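If you want the building blocks of each chain, they are given just below.
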Protein chains: 2
Amino acid sequence: MITISKDELELFATDLLLAAKSSREDAELVAHSLVWADLRGRQPQGVFRIPVLVTMIHHGLITSPTEMNWSKRSEVMYHLDAGNGFGQVAGYRAMQKAIDIAKKIGIGMVTVNRSNHFGAASYFCALAADAQCVGLTFTNATPKVAPFGGTKPILGTNPVAFGCPTSSGVPILVDFSTSSIAGSTIRTITEGGGRLPKGVALDASGQPTTDPAALSSGCLLPAAGAKGYGLGLMIEIFCGILAGAGMSHEVGPFYSTWKRPVNSGHMMMAIDISRLQPLDMYFDRLDQLIKEIKSSPTLEHVDEVLIPGEVRGRFADQFSREGIPLNDETIHGLENLARSLAVEVPWKQAAPVSVHDKQ
Amino acid sequence: MITISKDELELFATDLLLAAKSSREDAELVAHSLVWADLRGRQPQGVFRIPVLVTMIHHGLITSPTEMNWSKRSEVMYHLDAGNGFGQVAGYRAMQKAIDIAKKIGIGMVTVNRSNHFGAASYFCALAADAQCVGLTFTNATPKVAPFGGTKPILGTNPVAFGCPTSSGVPILVDFSTSSIAGSTIRTITEGGGRLPKGVALDASGQPTTDPAALSSGCLLPAAGAKGYGLGLMIEIFCGILAGAGMSHEVGPFYSTWKRPVNSGHMMMAIDISRLQPLDMYFDRLDQLIKEIKSSPTLEHVDEVLIPGEVRGRFADQFSREGIPLNDETIHGLENLARSLAVEVPWKQAAPVSVHDKQ
């Protein structure tokens, strides 16, 4: 493990993406959004993803620079054809547009199609919160989740995120997959050689399994049964149908095959808080609600009741001061990529282990 | 048990509410929304509620007729002060307004405060679906649910509903509480003398319990832990803060004490589908998604994979033809109320059992 400052990491990430021939604007936006996740302790959504993003560029599945095209659907609704560009860039532009519209007329909604994986959904809701808006973000993804009662993957893990500002400056950020377990959690379990929790997955024959390897031909179950199924279906309708992107099996896998464009869809919505309530009153009321929640006694094994986004805010504070820790897998992936792209690594590297490494 | 035609039941419900001195407009709207739920097999949200609604009128907690006041927040956002009127009436007016705005400009959003329990949340999303819109409905409620990790009720069961039309005419309707078990399910269990499922509730000392009686001083747990907590908190922020209604313990109980106005808040949103996509294409794509979902193999004990709203649609079809079944508790409650209000009962009554009954 090493630690690196936020700015150094963002510069390094930008350099890697530039060396992979993405445009400067794209490289900077993607680097910013990835490091945002790392700064909040969400390594699976952070710079760890750069090698696979570069592989997708090389296979022509992510195009950069690309032309992204806007269409106006109404005064408050716009659509962005992301032209197979970075999901992070499409998501950023879409939420910024939604915020711009909300500032003019109260609500802005932007649908996106022909996009890719956009990283952490809450990143976009944090943009909305920074602009004193409520933000809502949906995205669909390649199918991994069975409908409630079924045994075949039809829906993606289809996450939903919500964000709003607080008086402390640390936004409330709700961000969860509608499956019983998130894709990034599975990745962490798989890499650690662990087993899945009980009740989250089925194998190819529709039987319960705790073997992460069984997931390649099996499926995840929806969160809270019919509830996660209903929410995941709603998101599929917004992103796969109303946004005009792929739906269900039309959405390509992000990180396993390199044969077809992902064509995922997103929905971004911003609502201007000051239209509904003076901001002072909003902050007072929210402070009161937060205080009430924090005052709840806790379960025996729980130290404190947390507000969604609170722990991430603490990581951001700590890692801003002390540097962002990168784990060995991330370091190894970035060092290999830097070597192949002839980019300088901003930390002292260990000597290459294998004589076959091309230096 | 008896069965009664939809029209007869609606007329009877209207007569009861009129006899309790509610306005004709209110009585007809409330009766329609209650019978809508009964027709779909949701008896806990149906005419079964009339006696308690009448009690609330008598205690001055539901005012009818009442002045409901509109404020314009922006071109696309309106607010309704429901004046402690019927939640069903406030919800109906709010969603109709949201639909009207959506038809003009793509999206309409209406917040509501000073309201009461509005019945089944999906009723309002069905109105949106009938108008070829996507509908979203949130409401908050008196606290029953602990925050994730906590042991004290801070949030209501705060349901969310989503609806959209399908080519068959039966809308997709997602409607669920963000608690691990719905209030109406608990009521059914309590009345049947049953036990709660494991893992849904804590007693007053914060220990897991399956005793429904322990809930009066205990709490429910959020659905899927942090996920239901995050979603319930989002709904509390929309309804209790942005809508300017009560939040957390400021929201009065609906059916247990009669001491203070409920002051719950709602949020209704409608999105005009045809602005995003030609309706033909929307229906084709949704048919394809539904077909894919229905084609999934099922778990061993499951007969078929269902689309949210599908079973309710089948009940509506069956009960429209065969009449709506009313259980003994509902019959008894309505007969007693009819007697006290001198309203004629539209079915043949059994002879009164108690000599103390006032005929």
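Structural data are supplied above this passage.
If you're wondering where the values come from, they're calculated on a predicted model, not measured in any experiment.

Novice: An account of the environment of Leu 326 of chain A is requested, with residue identities and associated values reported.
Specialist: All names here are of chain A. In this structure, Leu 326 sits in strand β11 (residues 324–326). Sequence separation between Leu 326 and Gly 41 is 285 residues, and the spatial gap between their C-alpha atoms is 9.7 Å. When neighbours within four sequence positions are excluded, Leu 326 is seen to be in contact with Met 1, Ile 2, Ile 4, Leu 9, Gln 43, Val 47, Ile 331 and Trp 347.

Novice: How would you sum up the sheet that holds strand β6 (residues 160–164) of chain A? Please name residues and give values.
Specialist: Within a sheet, adjacent strands bond to each other through the backbone by hydrogen bonds, running parallel or antiparallel. Residues and elements named next belong to chain A. A sheet is described by the order of its strands in space; here seven strands give the open sequence β2-β3-β4-β10-β5-β6-β7, paired in mixed fashion. Edge positions in the open sheet fall to β2 (69–74) and β7 (172–176), since each of these has one partner strand only. Averaged over all adjacent pairs, the angle separating strand axes in this sheet is 15°, with direction ignored. Of the strand pairs in this sheet, strand β5 (residues 133–139) and β6 are connected by four bridges, and their pairing is antiparallel. Within the sheet, the bridge partner assigned to Thr 137 lies in β6 and is Ala 161.

Novice: Describe the pairing of strand β7 (residues 172–176) of chain B, naming the residues involved and giving the relevant values.
Specialist: All names here are of chain B. In terms of burial, β7 is largely enclosed, as four of its five residues are buried. In this structure, strand β6 (residues 160–164) lies alongside β7, joined through five bridges in antiparallel fashion. Paired with Cys 164 across the strands is Ile 172, a residue of β7.

Novice: Hey, could you go over the pattern of salt bridges for me, with residue numbers and the actual values?
Specialist: All told, the structure shown has 30 salt bridges over all chains when counted by the stated rule. The partner of Arg 285 of chain B in a salt bridge is Glu 250 of chain A, and the shortest N-O contact between them spans 2.9 Å. Of the two residues, Arg 285 of chain B sits in helix α9 (residues 279–294) while Glu 250 of chain A sits in the loop between α7 (226–242) and β10 (264–272), which places them in two different chains. Classification of Arg 285 of chain B by relative accessible area gives buried; the value is 17%.

Novice: Any details on the interface of chain A and chain B? Residues and values, ideally.
Specialist: Of the residues lining the interface, 77 residues belong to chain A; the matching set on chain B comes to 77 residues. Between chain A and chain B the total buried area reaches about 6,300 Å² when both faces are included, carbon and sulfur atoms providing 73% of it. Broken down residue by residue, the surface that chain A buries against chain B is led by Lys 227, Leu 242 and Leu 276 of chain A, which jointly contribute 11%. For the interface between chain A and chain B, the tally reads two salt bridges. Remark: the boundary between chain A and chain B carries 28 residue pairs in polar contact (both at pLDDT 80 or more). Per-element tally for the side of chain A that touches chain B: the top contributor is α7 of chain A, with twelve residues. Considering only residue class, the side of chain A that touches chain B consists of 44 nonpolar, 22 polar and eleven charged.

Novice: Now, about helix α2 (residues 24–39) of chain B: what can you tell me, with residues and values included?
Specialist: All names here are of chain B. The end-to-end C-alpha distance of α2 is 22 Å, a good match for the 22 Å that 16 residues give at a rise of 1.5 Å each. The buried count for α2 comes to twelve of 16 residues, which makes it a mostly enclosed element. Three or more residues of α2 are buried, namely Asp 26, Ala 27, Leu 29, Val 30, Ala 31, Ser 33, Leu 34, Val 35, Trp 36, Ala 37, Asp 38 and Leu 39. After α2 finishes, the residue Gly 41 shows a positive phi value of roughly 75°.

Novice: Account for unusual backbone geometry, with residues named and values stated.
Specialist: Of note, the bond from Ser 64 of chain A into Pro 65 of chain A is cis; its omega dihedral lies within 30 degrees of zero at -5°. As for its position among the elements, Pro 65 of chain A is in the loop between α3 (50–58) and β2. Positive phi is not limited to glycine here, since Ala 224 of chain A has a value of about 55°. Assignment of secondary structure puts Ala 224 of chain A in the loop between β9 (219–220) and α7. The phi angle at Asn 158 of chain B is positive, at roughly 25°, despite the residue not being glycine. Residue position: Asn 158 of chain B is located in the loop between β5 (133–139) and β6. A relative accessible area of 0% means that Asn 158 of chain B is categorised as buried.

Novice: Can you break down the packing of aromatic side chains residue by residue, with the values?
Specialist: Summed over the entire model, instances satisfying the criterion amount to 18 aromatic pairs over all chains. Taking the centre distance of 4.8 Å and the plane angle of 50° together, the rings of Phe 118 of chain A and Phe 124 of chain A count as tilted. Taking the relative accessible area as the measure of exposure, Phe 124 of chain A reaches 0% and is therefore buried. Judged by centre distance (5.3 Å) and plane angle (80°), the ring pair of Phe 12 of chain B and Trp 347 of chain B falls under edge-to-face. Separated by 335 residues along the polypeptide, Phe 12 of chain B in helix α1 (residues 6–19) and Trp 347 of chain B in the segment after α11 (328–341) bring together distant segments of the chain.

Novice: Could you give an account of the sheet that holds strand β10 (residues 264–272) of chain B, with specific residues and numbers?
Specialist: An order of β2-β3-β4-β10-β5-β6-β7 (chain B) is seen for the seven strands of this open sheet, with the pairing classed as mixed. Looking at the sheet topology across the chains shown, the edges are occupied by β2 (69–74) and β7 of chain B. Each strand of the sheet is rotated relative to its neighbour by a mean of 15°, with strand direction disregarded. Two elements, β5 of chain B and β10 of chain B, share seven bridges in a ladder whose sense is antiparallel. The residue bridging Thr 137 of chain B from the neighbouring strand is Met 268 of chain B, located in β10 of chain B. On top of the sheet, α7 of chain A reaches β5, β6, β7 and β10 of chain B; it is set at about 140° to β7 of chain B, its chief contact.

Novice: Can you explain the relation of the copies chain A and chain B? Please cite residues and give values.
Specialist: Note on the identical chains: chain A maps onto chain B by a rotation of 180° and an axial translation of 0.0 Å, with an RMSD of 0.0 Å. The operation mapping one copy onto its partner corresponds to a two-fold rotation axis. Looking at the rotation axis and the C-alpha trace of chain A, the residue lying nearest is Ala 224 of chain A, at 2.7 Å. Interface overlap between copies is the fraction of interface residues in one copy that are interface residues in the other; for chain A against chain B it reaches 100%, indicating a shared surface.

Novice: Report on the nonpolar core, specifying residues and quantitative values.
Specialist: The biggest cluster of nonpolar side chains holds 219 residues, and the ones touching the most others in it are Phe 238 of chain A together with Phe 238 of chain B. Not counting residues within four places of it along the chain, the set of residues in contact with Phe 238 of chain A comprises Met 109, Phe 138, Ala 243 and Met 267 of chain A together with Val 134, Phe 162 and Ile 271 of chain B.

Novice: Describe the packing of helix α4 (residues 87–105) of chain A against helix α5 (residues 122–130) of chain A, and please don't skip the residues or the numbers.
Specialist: For any two helices packed against each other, one specifies the crossing angle of their axes together with the interaxial distance. All names here are of chain A. At a closest axis distance of 10 Å, the pairing of α4 and α5 adopts a crossing angle of 25°. With respect to their mutual orientation, α4 and α5 come out roughly parallel. In the packing of α4 onto α5, the handedness of the crossing is right-handed. Residues Gly 87, Gln 88, Gly 91, Tyr 92, Met 95, Gln 96 and Ile 99 of α4 pack against Tyr 123, Phe 124, Cys 125, Leu 127 and Ala 128 of α5. Split into classes, the residues belonging to the contact of α4 with α5 amount to eight nonpolar, four polar and no charged.

About the thresholds
- Residues numbered from 1 in each chain as written.
- Chains lettered and ligands numbered in written order.
- Predicted model: local features only at pLDDT ≥ 70, side-chain atom pairs only at ≥ 80, totals over all residues.
- Heavy atoms only, no water.
- Helix = DSSP H or I, 4+ residues; strand = E, 2+ residues; numbered from the N terminus.
- Contact = heavy atoms within 4.5 Å.
- Pairing = 2+ DSSP bridges.
- Axes fitted to C-alpha atoms, helices over the stretch in contact; angles between N-to-C directions.
- Buried < 20%, exposed > 50% of the residue type's maximum accessible area, 1.4 Å probe, protein only.
- Salt bridge = Lys/Arg side-chain N within 4 Å of Asp/Glu carboxyl O.
- Buried area = accessible area lost by both parts, 1.4 Å probe.
- Polar contact = N/O pair within 3.5 Å; in protein donor to acceptor, adjacent residues only side chain to side chain.
- Nonpolar A, V, L, I, M, F, W, Y, C, P; charged D, E, K, R; others polar.
- Expected span 1.5 Å × (residues − 1).
- Phe/Tyr/Trp six-rings, centres within 6.5 Å; stacked < 30°, edge-to-face > 60°.
- Least-squares fit on C-alpha atoms with pLDDT ≥ 70 in both.
- Core = buried A, V, L, I, M, F, W, Y, C linked by side-chain atoms within 4.5 Å.
- Parallel < 35°, antiparallel > 145°, perpendicular 65-115°, else oblique.
- Left-handed = near helix turned anticlockwise from the far one by under 90°.

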